[in-house]
Amino acid sequence: FLNSAARNMLLYRELAAILVALQSQGIPVILLKGLHLAKLVYPEPALRPMADFDLLLRSDDLARAARILQELGYNAGREFDLGREARRHQHIPPLYQPGKAPVELHWTIASPNSPLKVDLDGLWTRAQPAEVAGLPTLVLAAEDLLLHLSLHLLQDEFIGGLRRLYDIAALASCPGLPIDWA
């Protein structure tokens, strides 16, 4: 618990620097998975361990956001073509900086090969304002977060162990984020 608390405190400090850099350039961000869950769903952020940053951006902002993160010292582990990545994955390759958590810049929450088509404009329209790491940002609406967590569970085929299921259970029972099941 204490290790997770300390790690998450460092991650939120790193997140603040990333958010400031992106938001100062007019790039809106929706926090995904651990960042959102630890702060707004779990009763204590240390109960939700995190290892990386998952950020949802509009596809038009991906290249610019990647450049901004490169200016902060992050680099992709390999060369990539943005158009090719967008056809094959829901995010560009993770961006790394020694001593810091990897950053994944997503443009959607479902794999482009998925038969499920996600209403991206709807995700952005329904996104909720939140304060995370001391900064205003956006998070997915509860129903969209449930969809994202469910898709992630299916895509990873339970690789994350029970944590993926517990994330869904924590969201479903969170009094501060009621889900409109209809």
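These lines cover the structure that appears in this document, whether it is placed above or below. In this text the structure is predicted, and so the values were computed from the model without any measurement. (Residues numbered from 1 in each chain as written. Predicted model: local features only at pLDDT ≥ 70, side-chain atom pairs only at ≥ 80, totals over all residues. Heavy atoms only, no water.)

Looking only at helices and strands, the chain has 7 helices and 7 strands in total. Ordering the α and β elements of the chain from the N terminus gives α-β-α-β-α-β-α-β-β-α-β-β-α-α. Taking 182 residues into account, the globule formula puts the C-alpha radius of gyration at 16 Å, and the chain, at 16 Å, falls close to it. When its C-alpha atoms are laid out on the principal axes, the chain stretches across 40 × 40 × 30 Å. When the 182 residues of the chain are sorted by exposure, 47% land in the buried category. Carbon and sulfur atoms make up 56% of the accessible area of the chain, which amounts to about 9400 Å² in all. Between the averaged position of the 17 positive side-chain charges in the chain and that of its 20 negative side-chain charges there is a distance of 4 Å. (Helix = DSSP H or I, 4+ residues; strand = E, 2+ residues; numbered from the N terminus. Rg over C-alpha atoms; globule rule 2.2 N^0.38 Å. Buried < 20%, exposed > 50% of the residue type's maximum accessible area, 1.4 Å probe, protein only. Areas by Shrake-Rupley, 256 points an atom, 1.4 Å probe, with all protein chains shown as cover. Lys, Arg positive; Asp, Glu negative; His and termini not counted. Charge placed at Lys NZ, Arg CZ, Asp CG, Glu CD.)

This part covers the packing of aromatic side chains. All told, the structure shown has 1 aromatic pair when counted by the stated rule. When the ring of Tyr42 is compared with that of Tyr166, the centres are 5.8 Å apart and the planes differ by 40°; the resulting orientation is tilted. Residue Tyr42 is found in the loop between helix H2 (33-40) and strand E2 (53-56), and its partner Tyr166 is found in helix H7 (residues 163-172); the two are separated by 124 residues along the sequence. Its relative accessible area of 52% is what places Tyr166 among the exposed residues. (Phe/Tyr/Trp six-rings, centres within 6.5 Å; stacked < 30°, edge-to-face > 60°.)

On to a nonpolar patch on the surface. A cluster of nonpolar residues, Phe1, Leu2 and Leu47, forms a patch on the protein surface that exposes about 360 Å² of accessible area. Structurally, Leu2 is set in helix H1 (residues 2-24). When its relative accessible area of 68% is taken as the criterion, Leu2 is described as exposed. (Patch = residues over 30% accessible without salt bridge, like charges linked within 9 Å, V, L, I, M, F, W, Y side chains within 5 Å. Salt bridge = Lys/Arg side-chain N within 4 Å of Asp/Glu carboxyl O.)

A word on the packing of H1 against H2. Viewed as axis vectors pointing N to C, H1 and H2 meet at an angle of 115°, and their least axial separation amounts to 12 Å. You can see that H1 and H2 cross each other, and the crossing is left-handed. Residues Asn8, Tyr12 and Leu15 of H1 touch H2, and the partners they reach there are Gly34, Leu35, Ala38 and Lys39. A breakdown of the residues in the contact of H1 with H2 according to their chemical character gives 4 nonpolar, 2 polar and 1 charged. (Axes fitted to C-alpha atoms, helices over the stretch in contact; angles between N-to-C directions. Left-handed = near helix turned anticlockwise from the far one by under 90°. Contact = heavy atoms within 4.5 Å. Nonpolar A, V, L, I, M, F, W, Y, C, P; charged D, E, K, R; others polar.)

Burial runs high along H2: 6 of the 8 residues are buried. Residues Lys33, Gly34, Leu35, His36, Leu37 and Ala38 constitute the buried set of H2.

So, on to H7. Those residues of H7 that sit buried are Arg164, Asp167, Ile168, Ala170 and Leu171. In an axial view of H7, the angular spread of the buried residues amounts to 165°, which keeps them on one side of the axis. (Arc of directions from axis to C-beta.)

A few words on unusual backbone geometry. Of note in the backbone geometry, Lys33 takes a positive phi value of approximately 45° without being a glycine. Mapped onto the elements, Lys33 comes out in helix H2. The buried category is assigned to Lys33, whose relative accessible area is 10%. Of note, Ala133 is a non-glycine position whose phi angle comes to about 60°, a positive value. Looking at where Ala133 falls in the secondary structure, it is placed in the loop between strand E6 (128-132) and strand E7 (135-139).

With burial as the criterion, each face of strand E5 (residues 103-106) is covered, one bearing Val103 and Leu105 and the other bearing Glu104 and His106. Note: E2 against E5, 4 bridges, orientation parallel. Paired with Asp54 across the two strands is Glu104, which belongs to E5. (Pairing = 2+ DSSP bridges.)

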